[in-house]
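Per-entry structural report
For reference, the chains in residue letters:
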Amino acid sequence: MNQNRASRASSFADLMRMTINEAKAQDWTSIRSSQILIKLLSKALASHMLQGNFATEKVTSLEHETKKVEPSAFLPQRNKCLINRKSTTKNRATNKNVMDIIDSQKSTRKTAIARIGTMADITNFSSLCINMDTVISAICTSDEPQPIFRQILMNFVSLVNNPDWAKWSESVGSMPLIHWHCYSFLERIFNCFADFATDFGNGNIMSEARPITELNTKGLVNAITAFKAFRTQIQLNQAQMTPIIIMPSSVTAYTLSAWNNTQSCPPKDSVPATTKENANATTPPPAQSRANKRVPTTPESPDDNSPPRHQKAKRAKKGSKVDGPAKDRKEMGMFFLKNPNINASDVFPRDLSIKLCANFTCRGKECANANCGFKHPTKAGEIPREAVLAIAAHFIAKDIGWFNKYHFMKVPDEEVKKLLGNVKGISSKMA
Ligand SMILES: [Zn+2]
């Protein structure tokens, strides 16, 4: 680091990359070599790490770029297209040879840390811990007592990579959100460390030689408490061979850009979608069956003056050929909301027997989370009758919105009939 300030970020990024390549090459039988899954470390990330820009709070979303260092920067990078694209942009910037930290800060494009990683299972979580630990190992020597954060990371890795975990998860069956549950603890711990590291008084103790007794260790204590809570929960559930029940709402903040889970890149300079074609182009291609709000051969009836059945069927066929699966998903939905910007968690009653994805089922919203743990029904029959009635009561009580007639016209209950309508509003009120 004995270089001028300007080139530190690139050298630091280089150092981290070297460490990663070394770790990868070391021994393929070791978990550190086999699970490491990070290729691109941006200069922006390095620069934020050098400046101590660490996130001290939980994220609200992982979808876009970030200005702070937080665990998502180390998520396993699986989309090769995104990696390649980001690294060519990076090389171009380096080649100009005029970048320094100050200059790069002037433009937001270069200082934001791209989030291109993702997680699909618990092995990816383990990779995340190893990615982080490897990057930290680039900074510390290996003979001193190891930093507490590294110890915690290695504890995470050993908790999820041992026979007890394997036996447990085999016995209790799939816990589709478990990796994000683990992530929430890791994030909390990271935030606590960031709190400790960015504490003004603590900074003075390190740089101004104030007595160490004045060190504010609250952040460290909180971090360790969080890890202990996590380990206890895992051990309790493993002892009883019960699954950890994860409320999908507790991990909805970890919605990533859907592109991260694909092997392709979003179109460059994605312009705001004005036409149907554009709208389709900015929606990633995979997981279509899951993301489609209904079977493609069933277009929405445009108004109440529906044509006779046979004619409708014809049109349906035609429609499915033209825009079928690619139909703008925002335009579909079983429910209409008065205010489409309402919080997804407020759309349905909290004690609903089925966990429905409000983003998926409501017109004007879109579920971009490939790992979404909520239900994505495509027809009314997939929602239990009593849940439909509970939603109707909730919609009426809270004046939230109305039901799509297309989906619910066969439900005989009065409460539901009163709420039926189309894009324009409730049918009975429009007459
Ligand atoms: Zn969803």
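Conventions we followed
Residues numbered from 1 in each chain as written. Predicted model: local features only at pLDDT ≥ 70, side-chain atom pairs only at ≥ 80, totals over all residues. Helix = DSSP H or I, 4+ residues; strand = E, 2+ residues; numbered from the N terminus. Buried ≥ 20, exposed ≤ 12 C-beta atoms within 10 Å, placed from the backbone. Contact = placed C-beta atoms within 7 Å. Pairing = 2+ DSSP bridges. Core = buried A, V, L, I, M, F, W, Y, C linked by C-beta atoms within 7 Å. Domains from an automatic or database assignment. pLDDT = per-residue confidence, 0-100. Axes fitted to C-alpha atoms, helices over the stretch in contact; angles between N-to-C directions. Parallel < 35°, antiparallel > 145°, perpendicular 65-115°, else oblique. Nonpolar A, V, L, I, M, F, W, Y, C, P; charged D, E, K, R; others polar.

So, about the overall build of the protein chain. Regarding its fold elements, the protein chain presents 21 helices and 4 strands. Counting only residues that meet the buried cut, the protein chain has 32% of its 431 residues in that class. At a minimum sequence separation of 6, the contacts of the protein chain that also span at least 24 residues come to 72%.

A few words on the sheet that holds strand β4 (residues 425-426). Taken in spatial order, the 4 strands of this open sheet run β1-β2-β3-β4, and their pairing is mixed. Two strands lie at the open edges of the sheet, namely β1 (335-337) and β4, each paired on one side alone. Note that strand β2 (residues 401-404) and strand β3 (residues 420-422) share 2 bridges and pair parallel. When the bridges of β3 are listed, Asn 404 appears paired with Gly 421.

In terms of strand pairing, β1 meets β2 through 3 bridges, oriented antiparallel. Of the residues in β2, the one forming a bridge with Phe 335 is Phe 403.

All right, on to unusual backbone geometry then. The phi dihedral of Met 241 falls on the positive side, at around 55°, and the residue is not glycine. With respect to the element layout, Met 241 can be found in the loop between α12 (218-240) and α13 (276-281). Met 241 gets classed as exposed once you count the C-beta atoms within 10 Å, which come to 11.

Counting buried positions over the 9 residues of helix α11 (residues 200-208) gives 0, only a small fraction of the element. Remark: Ala 209 follows α11 within two positions and exhibits a positive phi of approximately 55°.

Moving on, we get to the nonpolar core. Counting 84 residues, the largest nonpolar core has Leu 45, Ala 46, Cys 129, Phe 156 and Ile 189 as the members making the most contacts within it. No other element matches helix α10 (residues 178-198), which puts 11 residues into this core. Split by domain, the residues of this core number at least three in each of domain 1 (5-254) and domain 2 (304-430).

Atomic detail in the predicted coordinates should be set aside for any region of low pLDDT. For the protein chain, mean pLDDT is 78; residues scoring 70 or higher make up 77% of the total. Per-element averaging of pLDDT across the protein chain places helix α15 (residues 309-322) at the bottom with 41 and α12 at the top with 95. For the stretch residues 270-281, pLDDT sits under 50, and the model shows 10 contacts to residues farther than four places along the chain or on other chains. Segment residues 295-326 is flagged for pLDDT under 50; beyond a separation of four residues in sequence, or across chains, it makes 22 contacts in the model.

To continue, consider helix α9 (residues 163-172). Because the α-helix completes a turn every 3.6 residues, residues three or four places apart line up on one side. Counting buried positions over the 10 residues of α9 gives 1, only a small fraction of the element. Note on α9: the residue one or two positions beyond its end, Gly 173, has a positive phi of about 85°.

What follows covers the packing of helix α8 (residues 148-160) against α10. Each pair of packed helices gets described by two things: the angle between the helix axes and the distance between those axes. Where α8 meets α10, the axes come as close as 11 Å, and the angle between the chain directions of the two elements is 170°. Here α10 runs roughly antiparallel to α8, going by the angle between their axes. Residues Phe 149, Ile 152, Phe 156 and Val 160 of α8 touch α10, and the partners they reach there are Cys 182, Leu 186, Ile 189 and Phe 193. Residues of the contact of α8 with α10, tallied by class, amount to 8 nonpolar, no polar and no charged.

Let's shift gears to the environment of Arg 8. Looking at the element boundaries, Arg 8 is found in helix α1 (residues 5-26). For the pair Arg 8 and Ala 46, spaced 38 residues apart in sequence, the C-alpha separation works out to 8.7 Å.

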